[in-house]
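# Inside the fold
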Amino acid sequence: MTANSRHKSRAPRPDDGEEKDYVGFATLPNQVHRKSVKKGFDFTLMVAGESGLGKSTLVNSLFLTDLHKDRKLLNAEERISQTVEITKHTVDIEEKGVKLKLTIVDTPGFGDAVNNTECWRPVTDYIDQQFEQYFRDESGLNRKNIQDNRVHCCLYFIPPFGHGLRPVDIEFIKALQDRVSVVPLIAKADCLMPSEVKRLKEQLREEIDKYGIKIYQFPDCDSDEDEEFKRQDKELKESTPFAVIGSNTVVEARGQRVRGRLYPWGIVEVENPSHCDFVKLRTMLIRTHMHDLKDITSDCHYENYRAQCIQSMTSRMNADKRVESPVPVPVLPLPTPDAETEKLIRLKDDELRRMQQMLQKMQQQMHEQDL
Amino acid sequence: MASSDVARQPDKGTRPLSLAGHVGFDSLPDQLVNKSVCQGFCFNILCIGETGIGKSTLMDTLFNTNFENFESSHFEPQVKLRAQTYDLQESTVRLRLTVVNTVGFGDQMNKQESYQPVVDYIDRQFESYLQEELKIKRSLHNYHDSRVHACLYFISPSGHSLKSLDLVTMKKLDSKVNIIPVIAKADTISKTELHKFKIKIMSELVSNGVQIYQFPLDDETVSKVNTTMNGHLPFAVVGSTEEVCVGNKMVKARQYPWGVVQVENENHCDFVKLREMLICVNMEDLREQTHTRHYELYRRCKLEEMGFKDTDPECKPVSLQQTYEAKRQEFLVELQKREDEMRQMFVQRVKEKEAELKEAERELQSRFEQLKRLHAEEKAALEEKKRLLDDDQSSFSKRRAAAQLLQAQSLTANGKKDKDRKNSGFM
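Residues numbered from 1 in each chain as written. Chains lettered and ligands numbered in written order. Predicted model: local features only at pLDDT ≥ 70, side-chain atom pairs only at ≥ 80, totals over all residues. Heavy atoms only, no water.

## As for the side chain of Glu-76 of chain B
Mapped onto the fold, Glu-76 of chain B is located in the loop between α2 (55-63) and β2 (80-90). Not counting residues within four places of it along the chain, the set of residues in contact with Glu-76 of chain B comprises Val-103, Gly-104 and Gln-108 of chain B. (Helix = DSSP H or I, 4+ residues; strand = E, 2+ residues; numbered from the N terminus. Contact = heavy atoms within 4.5 Å.)

Put into structure tokens, the structure is as follows:
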């Protein structure tokens, strides 16, 4: 399933055209707009990357609030054998009557321990849990107030101090690429000169192709959009991955108060497009593609998960009852205990199936020997 | 190598004399310096840091040259070390500089063994020096000293604290080499953040008992500047080999859209402080510390491992000679014992094997006897049967003969009777 369709929001003009041909459904977009404002939106954003790359600062800059009031950062000693945790912060923000329930999922401890094998497992488990929760809610009897906690987008922070992707980056993105839309970012880009930024971006794009990593692709704009839009779109696509800088402080620059970082040699302005790609990221993430990200999550990733889930359930049913039904009967998931025990049950089932197969093989062999 | 720097203690047996005129031995330091300059100096730096953190660029900037640098990939399966030696010259002083870089440090998923190649390298250099020192015919004055004099540890500028890998590695190295931590790529940290970061790093190092190199305070001429510098540790450095025009001079700098970071501007970063401390003021002290502290520690541990002690169990001083002899004897005795053991074992094994073989032979013999007996029994039984059969046969043939005879007799008797009847008939 692809997500190449985009909804155009054009203001309808009921007085256009002849009066006798006027039906009136051109006002549908308006109605959709009204209803959605009334309902409100929700968005879940996950940020992942090593500590000290400026994730929290960037989220604060993006949404112009202070999400992490009192954070306790661990010492190096405590982090030697730290496991990855998942923390969630939910805030309600409003702008021009449009309400947004924003959830930020943070992954403290990722990549910090000395031994980082399989450090993405808590993250993938969390995402799968949210899918499962939604699946259960969707298949339930009372579907009035379903809460959509599925992760819509994951911002992955790549350190700018290296020469490109590192093994831990590749393994993390590969583990997540089929579950959530991953947007890679170059963090703390104020240590890179423009030529270095360009080189690093090229290197990253090359490595993403080389290792077959699937990141979020912007949908192509329709051919009948105006030139300006097409040009902007092309520019956006060519500057991925975005090199971003975040800031918690407001400084005075060129007579204005801007969000920025003050250095002895100059002031880095976060919202200056010639300093970093923060504005492009904000435009993409919030202003133009937020809904597209939600659509991809529900049409693509969630549907894949759901299909997999159902297939595995029915194949288990078939193995148990030896019933061959042409159409897989969707089984209502029982109120089972948490994901841990279900995983164990699935493992045990796999083992049982394998043993049965071995038994069959051995019987066959004996049969052949007898003949 | 400078001579040992132990402060002269006033010996009780000698009395100080005052001179009546100028003798001239105040030129001794100059003579030493001349000799050293003729010989040339030697300095070895080890740079530890993640791939791409700026180790090679900083070396280039420090020594104002362009060493041949390779950009390494992030996908090395293990940490390796790459050592390169260069001959540099400044005015009349020649320096043989060896730069050792880590390759692939911090890139692996499991970094628990990352410190091991570094520790092994340092130990190897100590070991080769120790071997040279213990030789019978040695040439220490010609020896190219490859022991690591200074270790620059590059800390990633996260702004929060040290990484867990940094702590673990520095803890393993602090007793083997002079560690000088530097904050790399410092142009990404603002002044206030830098101050907090430095304090956090130093407190973490202290609380975990990591001993980094402190600039020496015992020499009055440099103690003041060294004290100030000790307070600026770790140095936040920026490296660059590109030159940018600032004002009307060309300076080493990095040009950003928002400004120019000048490497040699003390307001921008601590590069000048690092260069001064590392090269201009304390290079000789670093070499000395390596020799008197770290190398001696290594040597002592190694020799103790081999079994040498300074005092024997009765706490009387023992010379190396005696220890050698004692060790040799011990070794020979041990050898002899082992030889005897092996011989005994061999003899025993042979005996066992012999016994086994004998046993087997006996068994075979008894089985043979048994079979022979069985055979004879069966044969006797068969003979018996044969005899019976023969008897039967002979009795049967006798009876048959008797029956035949009887039959023949009865036939002739019948014939005679017939003849008689016939004959009587005629009468």
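## Overview of the packing of α2 of chain B against helix α7 (residues 271-281) of chain B
Residues and elements named next belong to chain B. Close contact between α2 and α7 brings their axes to 11 Å; oriented N to C, the two are set at 70 degrees. Comparing the axis directions of α2 and α7 gives the class roughly perpendicular. Note on element contacts: α7 touches α2 through Phe-271, Leu-274, Arg-275, Leu-278 and Ile-279, opposite Leu-58, Thr-61, Leu-62 and Phe-63. Residues belonging to the contact of α2 with α7 are distributed by class as follows: 7 nonpolar, 1 polar and 1 charged. (Axes fitted to C-alpha atoms, helices over the stretch in contact; angles between N-to-C directions. Parallel < 35°, antiparallel > 145°, perpendicular 65-115°, else oblique. Nonpolar A, V, L, I, M, F, W, Y, C, P; charged D, E, K, R; others polar.)

## Quick look at the interface of chain A and chain B
Taken residue by residue, the interface counts 53 residues in chain A and 45 residues in chain B. Where chain A abuts chain B, roughly 4,100 Å² becomes buried across the two surfaces, and 57% of that area is made up of carbon and sulfur atoms. Linking chain A with chain B are 4 salt bridges, by the criterion used here. Here Glu-193 of chain B makes a salt bridge to Arg-261 of chain A, at a shortest N to O gap of 2.8 Å. (Buried area = accessible area lost by both parts, 1.4 Å probe. Salt bridge = Lys/Arg side-chain N within 4 Å of Asp/Glu carboxyl O.)

## Some details on the domain arrangement of chain B
When the domains of chain B are assigned, the result is domain 1 (38-306) and domain 2 (317-404). Here domain 1 of chain B and domain 2 of chain B have C-alpha centroids that lie 77 Å from each other. (Domains from an automatic or database assignment.)

## Focus: the packing of helix α3 (residues 116-134) of chain B against helix α8 (residues 283-306) of chain B
Residue and element names in this part refer to chain B. With their axes 10 Å apart at the nearest point, α3 and α8 run at an angle of 80 degrees to one another. Between α3 and α8, the crossing angle belongs to the class labelled roughly perpendicular. Facing Asp-123, Phe-126, Glu-127, Tyr-129, Leu-130 and Glu-133 of α3, the residues of α8 in contact are Thr-290, His-291, His-294, Tyr-295, Tyr-298, Arg-299 and Lys-302. Across the contact of α3 with α8, the residue classes tally to 5 nonpolar, 3 polar and 5 charged.

## A few points about the UniProt feature "site: Important for dimerization" (unreviewed entry) in chain A
The UniProt record annotates "site: Important for dimerization" (unreviewed entry) at Phe-161 of chain A. The topology assignment puts Phe-161 of chain A in the loop between β4 (153-158) and α4 (167-176). With a relative accessible area of 5%, Phe-161 of chain A lands in the buried category. Not counting residues up to four positions away in its chain, the partners in contact with Phe-161 of chain A are Cys-191 of chain A together with Thr-51, Gly-52, Ile-53, Ser-156, Pro-157, Lys-185 and Thr-188 of chain B. (UniProt positions renumbered as here; feature names shortened; annotations may be inferred. Buried < 20%, exposed > 50% of the residue type's maximum accessible area, 1.4 Å probe, protein only.)

## Some thoughts on the sheet that holds strand β6 (residues 242-243) of chain A
Residue and element names in this part refer to chain A. Ordered in space as β2-β3-β1-β4-β5-β6, the 6 strands form an open sheet in which the pairing is mixed. Among the strands making up the open sheet, the edge pair consists of β2 (87-95) and β6. Pairing between β2 and strand β3 (residues 98-106): 9 bridges, direction antiparallel. Bridge pairing in β3 links Val-91 to Leu-102. (Pairing = 2+ DSSP bridges.)

## Re helix α1 (residues 28-39) of chain A
Each full turn of the α-helix corresponds to 3.6 residues, which orients residues three or four apart in the same direction. With 12 residues, α1 of chain A ought to run about 16 Å at 1.5 Å a step, and its terminal C-alpha atoms sit 16 Å apart, in line with that. The element α1 of chain A is largely exposed, with a buried count of 1 among its 12 residues. (Expected span 1.5 Å × (residues − 1).)

## Observations regarding the pattern of salt bridges
The final tally for this structure, using the stated rule, is 44 salt bridges over all chains. Across the salt bridge formed by Lys-302 of chain B and Glu-127 of chain B, the nearest N and O atoms sit 2.7 Å from each other. Linking Lys-302 of chain B in helix α8 with Glu-127 of chain B in helix α3, this pair joins segments that are 175 residues apart in sequence. Note on Lys-302 of chain B: relative accessible area 23%, which makes it partly exposed. Each of the salt bridges in this network shares a partner with another, and the network as a whole consists of Glu-50, Arg-166 and Asp-169 of chain A together with Glu-50 and Lys-163 of chain B.

## Section: helix α7 (residues 278-288) of chain A
Within α7 of chain A, burial applies to Phe-278, Leu-281, Arg-282, Met-284 and Leu-285 of chain A. Buried residues along α7 of chain A cover an arc of 165 degrees about the axis, so they all sit on one side. (Arc of directions from axis to C-beta.)

## Focus on the packing of aromatic side chains
All names here are of chain A. Per the stated rule, a full pass over the model turns up 18 aromatic pairs over all chains. Measuring from ring centre to ring centre gives 6.1 Å for Phe-110 and Tyr-156, while their planes differ by 85 degrees; the resulting arrangement is edge-to-face. Placement of Phe-110 in the loop between β3 and α3 (121-138) and of Tyr-156 in strand β4 is noted, with a sequence separation of 46 residues between them. On the basis of relative accessible area, Tyr-156 is assigned to the buried category, the value being 1%. With a centroid separation of 5.9 Å and 55 degrees between ring planes, the pair formed by Phe-131 and Tyr-302 is classed as tilted. (Phe/Tyr/Trp six-rings, centres within 6.5 Å; stacked < 30°, edge-to-face > 60°.)

## Some details on unusual backbone geometry
Looking along the chain, the bond that leaves Thr-240 of chain A and enters Pro-241 of chain A is cis, with omega of -10 degrees. Mapping Pro-241 of chain A onto the fold places it in the loop between α6 (227-238) and β6. Unusually for a residue other than glycine, Lys-96 of chain A sits at a positive phi of about 50 degrees. Of note, Lys-96 of chain A is situated in the loop between β2 and β3. By relative accessible area, which is 84% here, Lys-96 of chain A ends up exposed. Positive phi, close to 45 degrees, is recorded for Lys-185 of chain B, a residue that is not glycine. Mapped onto the elements, Lys-185 of chain B comes out in the loop between β5 (179-183) and α5 (191-207).

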